[in-house]
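What follows is the residue order along each chain.
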Amino acid sequence: MSDHLNQPHHDDIDARIKLSIGTVQQSHDDGSFNGPRGLAFDHHRGLLMVVDGDNHRVQVFSCDEGFSFVSKLGKRGDQPSQLKHPWGLAIDHDHDRILIVDSFNHRVQSWSLSDQSFMSSIGQQGTGDLELTYPLGIAIDNHHHRIVIADTENHRLVFLSLIDLSFLFEIGGIKGSRPGEFSNPSSIAIDHDRCRIIVSDTENHRMQVLSSIDGSFLLEFGQEGDQPGQFSFPRGVCIDNQGRIIVADTWNHRLQSFTPEGHHISSFDCRNIGGPYDVAFDEHRGLIAFTAGHRV
């Protein structure tokens, strides 16, 4: 693929890829990436936000035909409004804010969605109620007014109030492989239609499905391997408009799709691009966006 930004697909890349943002090489330039991680669509404003992890910032793109660069926020550091290897992000329209998982600073930051200014942060390293250890994923459960954080190296999910960011409860907390236990969970998707939370239980090489009402275990699917329906360190996850579960099967260098019950549907080979880290559904275009290599 060409090294230029925002190029349409070429014959050496799967023809199902409509557009690529970024370059093959890592870059610090606006509109380029160095280890992109989480991403989310802001359909209210027609924007795509991408966590540019190893550049310690978030970049914002317009969802126009070429996904042109709009702005960026954050820079490397541990002070307020600074980031260190950020990973996940979520958009909270009800409170006009962007929530960024500032992984190596062990906290979650809030930024204004309207003017992209820094608002506040919560968390510090530890195992307590409002403490985190290398968190990676985040999702918003609007139905229950909660924020769900994948507190990765504490092997748990942390639930905060969407209203005042107070601690509500946790699930997990002891590294394990039984139902409701986790080993380095990394990503979360909320299936609002079915009142479920989908969790990438990364080092258990499986997906867990929990009730979003009380966090109780519902089902799991996947095991370590490279066959259809198996995983090798799965990370990003999203739900499409038909309820299908799309998983970034990172070390198998592919995306996999599943029914809401966890039955394998199809796979998309990313070996020519790199292992995918996160995946998001663009409901306006019916497209899947994912981060892999140094591109979206």
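Our subject in this report is the structure included herewith. Only a predicted model underlies this, so the values are computations on that prediction, with no experimental measurement involved.

**Section: the pattern of salt bridges**
Alright, step 1. Scanning all chains against the criterion turns up 18 salt bridges.
Alright, step 2. Asp 92 is the partner of Arg 97 in a salt bridge, and the nearest nitrogen-oxygen pair spans 2.7 Å.
Alright, step 3. Judged by relative accessible area, Asp 92 falls into the buried class, the value being 0%.
Alright, step 4. Between Asp 102 and Arg 107 there is a salt bridge, with its nearest N and O atoms 2.7 Å apart. In this pair, the class of Asp 102 matches that of Arg 107, namely buried.
Alright, step 5. A single salt-bridge network, built from bridges that share partners, covers Asp 30, Asp 52, Arg 57 and Lys 72.

**Observations regarding the packing of aromatic side chains**
Alright, step 1. In this structure the tally under the stated criterion is 11 aromatic pairs.
Alright, step 2. Ring centres 5.7 Å apart and planes at 55° place the aromatic pair Phe 33 and Phe 61 in the tilted group. Highlighted residues: Phe 33 in the segment before β1 (36-42) and Phe 61 in strand β3 (residues 57-62), separated in sequence by 28 residues. Taken as a pair, Phe 33 and Phe 61 share a single burial class, namely buried.
Alright, step 3. Measuring from centroid to centroid gives 4.1 Å for Phe 233 and Trp 251, while their planes differ by 45°, and the two rings are tilted. Of this pair, Phe 233 sits in the loop between β16 (217-221) and β17 (234-239) while Trp 251 sits in the loop between β18 (245-249) and β19 (254-258); the two residues are 18 residues apart in sequence, bridging distant segments of the chain.
Alright, step 4. Directly above the aromatic system of Tyr 277 lies the positively charged group of Arg 37, at a separation of 3.9 Å from the ring centroid.

Each value, and the rule that gives it
Residues numbered from 1 in each chain as written. Predicted model: local features only at pLDDT ≥ 70, side-chain atom pairs only at ≥ 80, totals over all residues. Heavy atoms only, no water. Salt bridge = Lys/Arg side-chain N within 4 Å of Asp/Glu carboxyl O. Buried < 20%, exposed > 50% of the residue type's maximum accessible area, 1.4 Å probe, protein only. Phe/Tyr/Trp six-rings, centres within 6.5 Å; stacked < 30°, edge-to-face > 60°. Helix = DSSP H or I, 4+ residues; strand = E, 2+ residues; numbered from the N terminus. Lys NZ or Arg CZ within 6 Å of the ring centre and 35° of its normal.

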